[in-house]
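Summary of structural features
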Amino acid sequence: MNIVRFSLFSALTLATSLWAALTIAQAQPTASAASANSSPKPIAIPESHHQTSQRSVSVDGVAATLNRYERRDGRNAGLGGEHFSTLIATDGTLKGFASISLDLVGKPLPSRERSEQIAIAFLRESAPDLLPHMRISGTAPHDEPIRVRGSGGEETVQLSGMRVKARNTSDGSWFWVVVGADEKPLLFERDLQWSNLRFRRTTEEWLHDRWL
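Now for a look at the structure at hand.

The rules behind the values
- Residues numbered from 1 in each chain as written.
- Predicted model: local features only at pLDDT ≥ 70, side-chain atom pairs only at ≥ 80, totals over all residues.
- Heavy atoms only, no water.
- Phe/Tyr/Trp six-rings, centres within 6.5 Å; stacked < 30°, edge-to-face > 60°.
- Lys NZ or Arg CZ within 6 Å of the ring centre and 35° of its normal.
- Pairing = 2+ DSSP bridges.
- Helix = DSSP H or I, 4+ residues; strand = E, 2+ residues; numbered from the N terminus.
- Axes fitted to C-alpha atoms, helices over the stretch in contact; angles between N-to-C directions.
- Contact = heavy atoms within 4.5 Å.
- Expected span 1.5 Å × (residues − 1).
- Buried < 20%, exposed > 50% of the residue type's maximum accessible area, 1.4 Å probe, protein only.
- Arc of directions from axis to C-beta.
- Polar contact = N/O pair within 3.5 Å; in protein donor to acceptor, adjacent residues only side chain to side chain.
- Core = buried A, V, L, I, M, F, W, Y, C linked by side-chain atoms within 4.5 Å.

Turning our attention to the packing of aromatic side chains. Applying the stated criterion across every chain yields a total of 6 aromatic pairs. Relative to W211, the ring of W206 lies with its centre 5.0 Å away and its plane at 80°, an arrangement referred to as edge-to-face. Through a chain of ring-to-ring contacts, three or more aromatic side chains come together here, namely Y69, F84, F97, F122 and F188. For K165, the ring lying beneath its charged end belongs to W174, and the centroid distance is 4.8 Å.

Structure follows, in structure tokens:
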């Protein structure tokens, strides 16, 4: 009789424990859901820069603000030169940013695996809604030109990074993070539309001086 009672007690205890564990698990969001529901981290403006312009623009018909910051010491100022720019939609969504700096030119880049890790960590903080629907299509070197003024005149050098290109499977748009030699994102763009017929993006390139 005691054995039977003990077995019933053990079974009830085990069932209660399993029910409690299942209830807790169901109450906890998945990692992707938690990332998607977290608040994006604001982009920090470099202390070495000051704002030089602000303009209202349209990105695929969505109203946004383009902010441009240049070095306080005036090094390579103006279009084509060094700058830190942000593109923010009216609802507060960070559509993209560019950190174009001569300091990273000619330095070795992180590996593809490391670049993807850095890109995902950045998205988790600044664009968590993209992670649940992210499908990486490729990671490869990417160049951005910088116009440099020196004693010998002007020349154009290439700022290289590792671009992690991905598809948003929920709406078919594209986004990417370009990771620099310092293992920090130097370019981020999201919600990009692509024309297969023209084999190029159709979304405006407000963050790119060569387009401006």
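Read on for the rest.
Spatial strand order, β1-β2-β3-β4-β8-β7-β6-β5: 8 strands in an open sheet with antiparallel pairing. Taken across any chain shown, the strands that pair with only one partner, and hence form the sheet edges, are β1 (49–59) and β5 (134–150). Going from strand to strand, the sheet's axes swing by 20° on average, the running direction of each strand aside. Strand direction decides the pairing type here: strand β2 (residues 62–71) and strand β3 (residues 83–89), joined by 6 bridges, are antiparallel. Across the sheet, residue R68 finds its bridge partner in β3, namely S85. Seen against the sheet, helix α3 (residues 112–126) touches β4 (94–100), β5, β6 (153–168), β7 (174–179) and β8 (185–192) and runs at an angle of roughly 90° to β5.

The end-to-end C-alpha separation of α3 is 21 Å, in line with the 21 Å expected for 15 residues at 1.5 Å each. Where α3 is concerned, the buried positions are S115, I118, A119, F122, L123 and S126. The buried residues of α3 occupy an angular sector of 135° when projected down its axis, which confines them to one face. Where α3 is buried, its residues contact β4, β5, β6, β7 and β8.

We now examine the side chain of E82. Looking at where E82 falls in the secondary structure, it is placed in the loop between β2 and β3. The buried category is assigned to E82, whose relative accessible area is 2%. Within the structure, the side chain of E82 is placed 2.8 Å from the side chain of N76, a separation counted as a polar contact. Setting aside chain neighbours within four positions, we find E82 in contact with R68, E70, R71, R75, N76, I100, S101, L102 and I146.

The subject of this paragraph is the pairing of β4. Along any regular strand the residues' side chains alternate between the sheet's two faces. Among the 7 residues of β4, 6 are classified as buried, and the element is accordingly described as predominantly covered. Bridge count for β3 against β4 is 6 bridges, and the pairing is antiparallel. Residue pairing for β4: H83 is matched across the bridge by I100. In this structure, the hairpin formed by β3 and β4 is closed by a connection of 4 residues, where G92 is found at a positive phi of approximately 95°.

This part takes up unusual backbone geometry. We note that D60 has phi near 55°; this positive angle belongs to a residue other than glycine. Looking at the secondary structure, you find D60 in the loop between β1 and β2. Judged by relative accessible area, which is 36%, D60 ranks as partly exposed. Even without being glycine, D191 reaches a positive phi, approximately 55°.

In globular proteins that are soluble, nonpolar side chains generally tend to be buried together. The biggest cluster of nonpolar side chains holds 20 residues, and the ones touching the most others in it are V57, L87 and L187. Among the elements of the structure, β1, β2, β4, β5, β6, β7 and β8 are those that each provide at least two residues to this core. In contact with L87, not counting residues within four places along its chain, are V57, V59, A64, T65, L66, T93, L94, K95, G96, W206 and L207. Within the second largest apolar cluster, 18 residues are counted, among which are F122, F175, V177 and F188.

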